[in-house]
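# Close look at the chain arrangement
These are the residues of each chain, in order.
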Number of protein chains: 2
Amino acid sequence: MKVLKNPARNTWASILKRPTQNNIDIIEQIRPILEEIKENGDKAARKYNLKFDKYVGNLLVSEEEMKNAEKQLPKELKKAIEQAYQNIYTFHKPQFSKKTTKIETMDGVVCWRKSIGIEKVGLYIPGGTAPLFSTVLMLGIPAQIAGCQEVILCSPPKGEHLHPAILFAAKLVGIKKIFKIGGVQAIGAMAYGTETIPKVYKIFGPGNQYVTAAKQYVSQDSVAIDMPAGPSEVMVWADDSAVADFVAADLLSQAEHGVDSQVILLTTSEKFAEKAKKAVEKQLKQLPRQEIAKKALENSKVVVVENQDIALEISNLYAPEHLILAVKNAEKIAEKIINAGSVFIGNYTPESAGDYASGTNHTLPTNGYATAYSGVSVDSFVKKVTFQKISKKGLANIGSTIELMAEAEELFAHKNAVSIRLKSKK
Amino acid sequence: MKVLKNPARNTWASILKRPTQNNIDIIEQIRPILEEIKENGDKAARKYNLKFDKYVGNLLVSEEEMKNAEKQLPKELKKAIEQAYQNIYTFHKPQFSKKTTKIETMDGVVCWRKSIGIEKVGLYIPGGTAPLFSTVLMLGIPAQIAGCQEVILCSPPKGEHLHPAILFAAKLVGIKKIFKIGGVQAIGAMAYGTETIPKVYKIFGPGNQYVTAAKQYVSQDSVAIDMPAGPSEVMVWADDSAVADFVAADLLSQAEHGVDSQVILLTTSEKFAEKAKKAVEKQLKQLPRQEIAKKALENSKVVVVENQDIALEISNLYAPEHLILAVKNAEKIAEKIINAGSVFIGNYTPESAGDYASGTNHTLPTNGYATAYSGVSVDSFVKKVTFQKISKKGLANIGSTIELMAEAEELFAHKNAVSIRLKSKK
């Protein structure tokens, strides 16, 4: 980890720059696959399942596979998943409100908004090195709370099956249709629908750069997606009140995600920076995924600054996906954070708590998008539809306002839709 | 308008199909302009301002221009704009809540969510045939309520100036920085920033296909956008209780937007279909924009169905941007609508009320995106950041759950971030 001491303000942007990702070229590569799925449905889906995942079996997971999954999973792990489910459900439940308050903006003009769960949603769970069953909870629970009518899940099989923990978590969140298909072909199948896999209106979930590019492509075509995805990242803001070993563990837990993970330690204490650096080196040696973590750390930085005001500016400029505040006055600082995906306060709040079980969602905006995007929540699975009802008297009250504005915008048919009603004797 | 009687279910999708728009080719056309703005800032912005809008003056609107605008505008129109402001503000105000409820998901594990206005937002207001000052209200008011710190506005000048109604509306919503620049160059300037025009985190507003493609391009690069935009559309669902003249006026008010506007009349009454068709033909002749409306109507349809259940299915399948319910039991039907941008209930609620002044927002999802997207609201100008604080005791309660899950996902550094804290004697 490179240490930067009191960097000049005009260097901040370049210090905090993420590696650029240009998906435009990848989109051109994956476009033919998506077009083929659109055209040929299941046939194309199976073709790419064989090509990329060496899988030729049924797409739909059977009842029997579901039952076997439950048997195979250790009791302890099932209990842990159930506990996580409980906490995530408890945190997300109040995010949905059926309340529709009718607002009378003028006498006889009544408007309201209603939250409606998106009818059909698709969750993508990557295969890769590890089975990300925690993501099944993070996407499935808000979908369940939002009342989405059809929730499907796609994930690439390892061998003949999906990991039992993925199936167990899917059952907990009430998902009935699970498909053994991954990668670009899974995104295409959910976006366009095939004979077996139903078309959905919004696709959620992480994935590699091909999956991300496929999501981007279909989002311009027919379906919505959760958010643009980039490599995971953490900023730890620490001072002398922090524990170097804890901070090092947090930095490493991010670094082990992938070689492109972003890890930044921001501190007002040069002494602490040194202590943390040493702790990272020591802990790194004990990690199974140390090769990945080591590479991620090569691009990572320790930024030492003069005071908390400057640290705050840098933190809000970087807009980290995860921000850990291991500083004495952490709660006060937390109130001043405006750009971050999720904030972890104090020495006993590691990022992995939020990754798995504390209750908050772990699908968060990366790549600086925390400036404008929220993490996934029940909101992500809901649309808000506006309604209005105007009485004859109400239209008389508001009519001339509409007529004048429509005329000034030169939209005379808009004006006439009011005038014709005002003149009517019905 | 083509009349389709009781179309077979397997033809619905093709009847309701919108004209496909492929932006990928347009993106390739506009990409060099955006890259040039990114590289050369103001210099490139001015170059394209000259090329496309024949404008060479200052980018920033002056204080004097603001004052003149107020003088030039008729008193009546100013009053109308102020009334619209009042109604839109009243409807949008309750959408922002500063309340942050702390939720203790387990003993010692406290999580909460906070709404924070997006720091920097840019509003794009097209020039085109008419000055869309109503859109200034529709975007500026929620930005104001959300507490966005920097709100800028870009719009192409006509001659030397912006339309006074645009400037007047901008002043009402508290926008201080208004720039005379339009098209692709405006989107590039807001996305990347120039010496004069500040970079923003999210770009809002309608535009032609080049502006839309530019928004799409920059949304993959650095900034968020409000939503994918397509031609405006209305579905009027009417029965014999409706007034043919009113319905015709509503259909035409949509058709006058542009030749690609989508207009659909859905009805259970063949008799009403005929009456409405005749009324459209009669009213069309009196419209200044009849050439545009006529072309739009050529692609439009009257769909006659057997009963309300089928009509409901078709309406929810189409997911119209605007849905007018001119049926006897309109309020009951409204409760069953799940896919629509905004719903207008009864004979005295024309779409133009919502377009201008009733209070609801007029920036709505088109092209079937109402299945998954909401219209613009205060939510669109807000991020929700999650926070959590776990006590030492709390981590002891939740620790083993995290450890077990991290281990099952083969992320040992994630596990260690908990273990190292649990083992610590600090």
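Residues numbered from 1 in each chain as written. Chains lettered and ligands numbered in written order. Predicted model: local features only at pLDDT ≥ 70, side-chain atom pairs only at ≥ 80, totals over all residues. Heavy atoms only, no water.

This part takes up the overall build of chain A. The number of helices and strands found in chain A is 17 helices and 14 strands. Considered along the principal axes of its C-alpha atoms, chain A spans approximately 85 × 60 × 45 Å. Looking at chain A as a whole, 63% of its 426 residues are labelled buried. Restricting the contact set of chain A to residue pairs at least 6 apart, pairs at least 24 apart contribute 75%. Carbon and sulfur atoms provide 50% of the accessible area of chain A, an area that totals close to 16500 Å². Mean positive and mean negative side-chain charge positions of chain A (55 and 46 charges, respectively) differ by 5 Å. (Helix = DSSP H or I, 4+ residues; strand = E, 2+ residues; numbered from the N terminus. Buried < 20%, exposed > 50% of the residue type's maximum accessible area, 1.4 Å probe, protein only. Contact = heavy atoms within 4.5 Å. Areas by Shrake-Rupley, 256 points an atom, 1.4 Å probe, with all protein chains shown as cover. Lys, Arg positive; Asp, Glu negative; His and termini not counted. Charge placed at Lys NZ, Arg CZ, Asp CG, Glu CD.)

Counting residues at the interface gives 125 residues for chain A and 125 residues for chain B. Summed over the shared surface of chain A and chain B, the result is 8 salt bridges. At the junction of chain A with chain B, the criterion picks out 63 residue pairs in polar contact (both at pLDDT 80 or more). Residue composition of the side of chain A that touches chain B, grouped by class: 63 nonpolar, 37 polar and 25 charged. Here strand 13 (residues 342–345) of chain A runs beside strand 14 (residues 382–390) of chain B; their pairing, made up of 4 bridges, is parallel. Within the sheet, the bridge partner assigned to A:F344 lies in strand 14 of chain B and is B:Q388. (Salt bridge = Lys/Arg side-chain N within 4 Å of Asp/Glu carboxyl O. Polar contact = N/O pair within 3.5 Å; in protein donor to acceptor, adjacent residues only side chain to side chain. Nonpolar A, V, L, I, M, F, W, Y, C, P; charged D, E, K, R; others polar. Pairing = 2+ DSSP bridges.)

Here we come to the domain arrangement of chain A. Annotation of chain A at the domain level lists domain 1 (23–226), domain 2 (231–358) and domain 3 (391–423). Between the C-alpha centres of domain 2 of chain A and domain 3 of chain A there is a distance of 58 Å. (Domains from an automatic or database assignment.)

When chain A is fitted to chain B, the best match, at an RMSD of 0.0 Å, comes from turning it 180° and sliding it 0.0 Å along the axis. When the rotation and shift are considered jointly, the pair of chain copies conforms to a two-fold rotation axis. Most of the interface of chain A is mirrored in chain B, where 100% of its interface residues are also at the interface. (Least-squares fit on C-alpha atoms with pLDDT ≥ 70 in both.)

A few words now on helix 5 (residues 75–92) of chain A. Compared with an ideal rise of 1.5 Å per residue, which puts 18 residues at 26 Å, helix 5 of chain A spans 26 Å between its outermost C-alpha atoms and is within 8% of the ideal. Those residues of helix 5 of chain A lying buried are A:L77, A:K78, A:A80, A:I81, A:A84, A:Y85, A:N87, A:I88, A:F91 and A:H92. (Expected span 1.5 Å × (residues − 1).)

With that settled, consider unusual backbone geometry. Look at A:K54: it is not a glycine, yet its phi comes out positive at around 55°. Relative to the helices and strands, A:K54 resides in the loop between helix 3 (42–53) and helix 4 (63–72). Note on A:K54: relative accessible area 64%, which makes it exposed. For B:N367, which is not glycine, the phi dihedral falls at a positive 55°. Mapped onto the secondary structure, B:N367 falls in the loop between helix 15 (351–356) and strand 14.

With that settled, the discussion passes to the packing of aromatic side chains. All names here are of chain A. Taken as a whole and judged by the stated rule, the model has 12 aromatic pairs over all chains. Measuring from ring centre to ring centre gives 5.7 Å for W112 and F387, while their planes differ by 10°; the resulting arrangement is stacked. Taken together, the positions of W112 in strand 3 (residues 109–117) and F387 in strand 14 (residues 382–390) put the pair 275 residues apart, joining distant regions of the chain. Of the residues examined, W112 reaches a relative accessible area of 8% and is grouped as buried. Owing to a relative accessible area of 1%, F387 belongs among the buried residues under this scheme. Positioned over the ring face of Y318 is R18, at 3.9 Å from the centre of the ring. (Phe/Tyr/Trp six-rings, centres within 6.5 Å; stacked < 30°, edge-to-face > 60°. Lys NZ or Arg CZ within 6 Å of the ring centre and 35° of its normal.)

Below, the discussion takes up the pairing of strand 2 (residues 103–106) of chain A. In terms of strand pairing, strand 2 of chain A meets strand 3 of chain A through 3 bridges, oriented antiparallel. The residue bridging A:E104 from the neighbouring strand is A:V110, located in strand 3 of chain A.

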